[in-house]
Amino acid sequence: MPIEEAATQAHEAATNAPTAGEYIVHHLTHLNTTGHAQSSIIDFSVINLDTFFYSAALGLLTVFVLWLAARNATSGVPSRFQAAVEFLVEMVADQAKGIIHSEESRKYVAPLALTVFIWIILMNAMDFLPVDMLPSLWQSVTSDHHAYMRVVPTADLNATLGMSIGVLLLCFYYNIKIKGVGGWVHELFTAPFGNHPLLYPINFAMQLIEFAAKTISHGMRLFGNMYAGELLFMLIALMGAAWAGTGTSAALWVGHVLAGSLWAIFHILIVILQAFIFMMLTLVYIGQAHEGH
Amino acid sequence: MNLNATLFAQLVVFFVLAWVTMKFVWPPIMKALDERAQKIADGLAAADKAKTDLVLAEKKATDELRKARESAADLRGGAEKQASQLLEEARVEAGRIVAAAREAAEAEAAVASQRAREALREQVAQLAVAGAEKILRKEINAQAHADLLVQLKSEL
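Caption draft 1: Expanded view of the overall build of chain B. Broken down by element type, chain B carries two helices and one strand. Scaling as 2.2 N^0.38, a compact globule of 156 residues should have a C-alpha radius of gyration of about 15 Å, whereas chain B reaches 60 Å, well beyond that. By principal-axis analysis of the C-alpha atoms, chain B measures approximately 190 × 25 × 25 Å. Of all 156 residues assigned to chain B, the portion counted as buried reaches 13%. Of the roughly 12,100 Å² of accessible surface on chain B, a fraction of 63% belongs to carbon and sulfur atoms. Computed over 23 positive and 23 negative side-chain charges, the inter-centroid distance for chain B is 7 Å.

The following block contains the structure:
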């Protein structure tokens, strides 16, 4: 494999030069509380420190920027910054108004949708930073050349499922709030096929499947897009890393520049689109919780 | 793609951020937006009102202008009439003064000519007496012939 050979050549000077496979695997391993890659598929004693740090930091940045706009918001002529934030707020408010018909619920759900939208855009946009920049910075800060770090929180299934489960909990909350416990239980057993004792188990199973499918697809869609995007950036980075002064490596380097530019430009669309889809589905699912079957 | 407790941390962050936005971000911005919408609505209403006001004011101004023009015309007419009246009066007065002056001058001239005639008559009488004296040499008694002389004087 030429890429691997070239990469190996390029890192011959360094000791323990990683192969392309090692490079990718290293970049896809989280900095977690155990200090090494998580071995089991599910282990709730572990926390991914990098995902938590970057998502919390970007979340704080989101609310801070929004708060900056809100603090100086006037009904007079708005500054450009205020107008930009207002544009987002109005966009989200309009979408929420069209989907959720309860004004009381919108007071919480619309701000939530706004936060989620901007927060996910920022988390997705971590992809635009050079893939090695923050990890190698972290490695030099810790003086550990094998320290792990992933910088795109939405390329971690924990983050996206965490948010989609949050939406699921809100769906439960609004189901109970709007329909009452009895009403919701009644709906769980009588919808979608009808009110007949023989149909109760089938209805309930269908409802469980519906909630599970909504939640998992909600989280998985965002995760899949961002994971694939991140992986592609790493593969593109491998081309540039193959630089060794030879003709082939020069061609790969040019390929890196071309492919990196093209993918980054295309990725802008994905970053915004996936954030928008996540926000819209949040509104749609919560809106569905307001409506009876 | 391993699952771990990051999921719950993210879940908590999700709700905290949403709460912060709901509490501190959404209300002021929505308030500003609603207020601005109200301001714009008010502004549009005020503009409409100003437009109708303007039409009314223009109409009023036209009326005033017309009225002013009419009263100015009246005034000018009155002034011209008064001026011609004054002129007429002055002309009559002047005529009267000229006539009076002429009359006075004529009277004076008549008095003067009468006086001159009297004086002349006196001198002629004296000349006649003096002449007659020379002619008659002492034969005429001035006193005896005074009646004759007076008669002569009145005939002159």
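Anyway, onward from the coordinates.
Caption draft 2: Region of interest: the nonpolar core. Grouped together as the largest cluster of nonpolar side chains are 62 residues, with contacts concentrated most on Leu 112, Trp 119, Ile 120, Met 163, Leu 283 and Ile 286 of chain A together with Phe 14 of chain B. Examining the composition of this core, we find that 13 residues originate from one element, helix H5 (residues 103-125) of chain A, more than from any other. If we ignore the near neighbours within four places in the chain, the residues touching Met 163 of chain A are Trp 119, Ile 120, Met 123, Thr 154, Leu 222 and Phe 278 of chain A together with Gln 10 and Phe 14 of chain B. In terms of nonpolar packing, the next biggest core, distinct from the first, is built from 15 residues, Leu 28, Val 131, Phe 233 and Leu 252 of chain A among them.

Caption draft 3: Here's a closer look at a nonpolar patch on the surface. Taken together, Leu 61, Phe 64, Val 65, Trp 67 and Phe 81 of chain A together with Trp 19 and Phe 24 of chain B make up a surface patch of nonpolar side chains, about 650 Å² in accessible area. Looking at the nonpolar patch, the elements with two or more residues in it are helix H3 (49-71) of chain A together with helix H1 (6-136) of chain B. Considering each element in turn, the nonpolar patch owes the most residues, four residues, to H3 of chain A. Topologically, Leu 61 of chain A is positioned in helix H3. Leu 61 of chain A sits in the partly exposed class, given a relative accessible area of 40%.

Caption draft 4: Empty space enclosed by the protein, seen in detail. All names here are of chain A. Under the criterion given, the structure shown has three cavities of 30 Å³ or more. Its boundaries defined by the atoms lining it, the largest cavity holds a volume of some 90 Å³. Lining the largest cavity are 13 residues, and of these Val 131, Val 151, Val 152, Glu 230 and Met 234 sit closest to its centre. Here the residues of the lining of the largest cavity are counted per class, giving nine nonpolar, one polar and three charged. The calculated volume of the second largest cavity comes to roughly 50 Å³. Mapped onto the lining of the second largest cavity, the elements with two or more residues apiece are helix H7 (157-190) and helix H8 (200-241). By residue class, the composition of the lining of the second largest cavity is five nonpolar, three polar and one charged.

Caption draft 5: Geometry of the side chain of Ser 249 of chain A. Residue and element names in this part refer to chain A. Along the chain, the position of Ser 249 falls in helix H9 (residues 247-290). Looking at Ser 249, its side chain comes within polar contact range of the main-chain oxygen of Thr 246, at 2.9 Å. Filtering out sequence-adjacent residues up to four positions away, Ser 249 remains in contact with Ala 242, Trp 243 and Ala 244.

Caption draft 6: Quick look at the packing of aromatic side chains. Residue and element names in this part refer to chain A. Tallied over the full model, the rule gives 15 aromatic pairs over all chains. With a centroid separation of 5.1 Å and 70° between ring planes, the pair formed by Phe 53 and Tyr 54 is classed as edge-to-face. We classify Tyr 54 as buried; its relative accessible area is 10%. Measuring from centroid to centroid gives 6.4 Å for Trp 184 and Phe 211, while their planes differ by 75°, and the two rings are edge-to-face. Of this pair, Trp 184 sits in helix H7 while Phe 211 sits in helix H8, and the two are 27 residues apart along the sequence.

Caption draft 7: Structural detail: the pattern of salt bridges. Under the defined criterion, the tally for this structure stands at 11 salt bridges over all chains. Among the salt bridges present, the one from Lys 179 of chain A reaches Glu 187 of chain A, with a minimum N-O distance of 3.0 Å. For the pair Lys 179 of chain A and Glu 187 of chain A, one class covers both residues: buried. The salt bridge partner of Lys 31 of chain B is Glu 35 of chain B, with a shortest N-O separation of 3.5 Å. Placement of both Lys 31 of chain B and Glu 35 of chain B in helix H1 is noted, with a separation of four residues, approximately one turn of the helix. The class for Lys 31 of chain B is exposed, based on a relative accessible area of 53%. Residue Glu 35 of chain B is classed as partly exposed on the basis of its relative accessible area of 36%.

Cut-offs and rules
- Residues numbered from 1 in each chain as written.
- Chains lettered and ligands numbered in written order.
- Predicted model: local features only at pLDDT ≥ 70, side-chain atom pairs only at ≥ 80, totals over all residues.
- Heavy atoms only, no water.
- Helix = DSSP H or I, 4+ residues; strand = E, 2+ residues; numbered from the N terminus.
- Rg over C-alpha atoms; globule rule 2.2 N^0.38 Å.
- Buried < 20%, exposed > 50% of the residue type's maximum accessible area, 1.4 Å probe, protein only.
- Areas by Shrake-Rupley, 256 points an atom, 1.4 Å probe, with all protein chains shown as cover.
- Lys, Arg positive; Asp, Glu negative; His and termini not counted.
- Charge placed at Lys NZ, Arg CZ, Asp CG, Glu CD.
- Core = buried A, V, L, I, M, F, W, Y, C linked by side-chain atoms within 4.5 Å.
- Contact = heavy atoms within 4.5 Å.
- Patch = residues over 30% accessible without salt bridge, like charges linked within 9 Å, V, L, I, M, F, W, Y side chains within 5 Å.
- Salt bridge = Lys/Arg side-chain N within 4 Å of Asp/Glu carboxyl O.
- 1 Å grid on protein atoms, 1.4 Å probe; cavity = no way out; pocket = protein on both sides within 12 Å on 5 of 7 lines; lining within 4 Å.
- Points joined across faces, edges and corners; volume = space filled by probe spheres on them.
- Nonpolar A, V, L, I, M, F, W, Y, C, P; charged D, E, K, R; others polar.
- Polar contact = N/O pair within 3.5 Å; in protein donor to acceptor, adjacent residues only side chain to side chain.
- Phe/Tyr/Trp six-rings, centres within 6.5 Å; stacked < 30°, edge-to-face > 60°.

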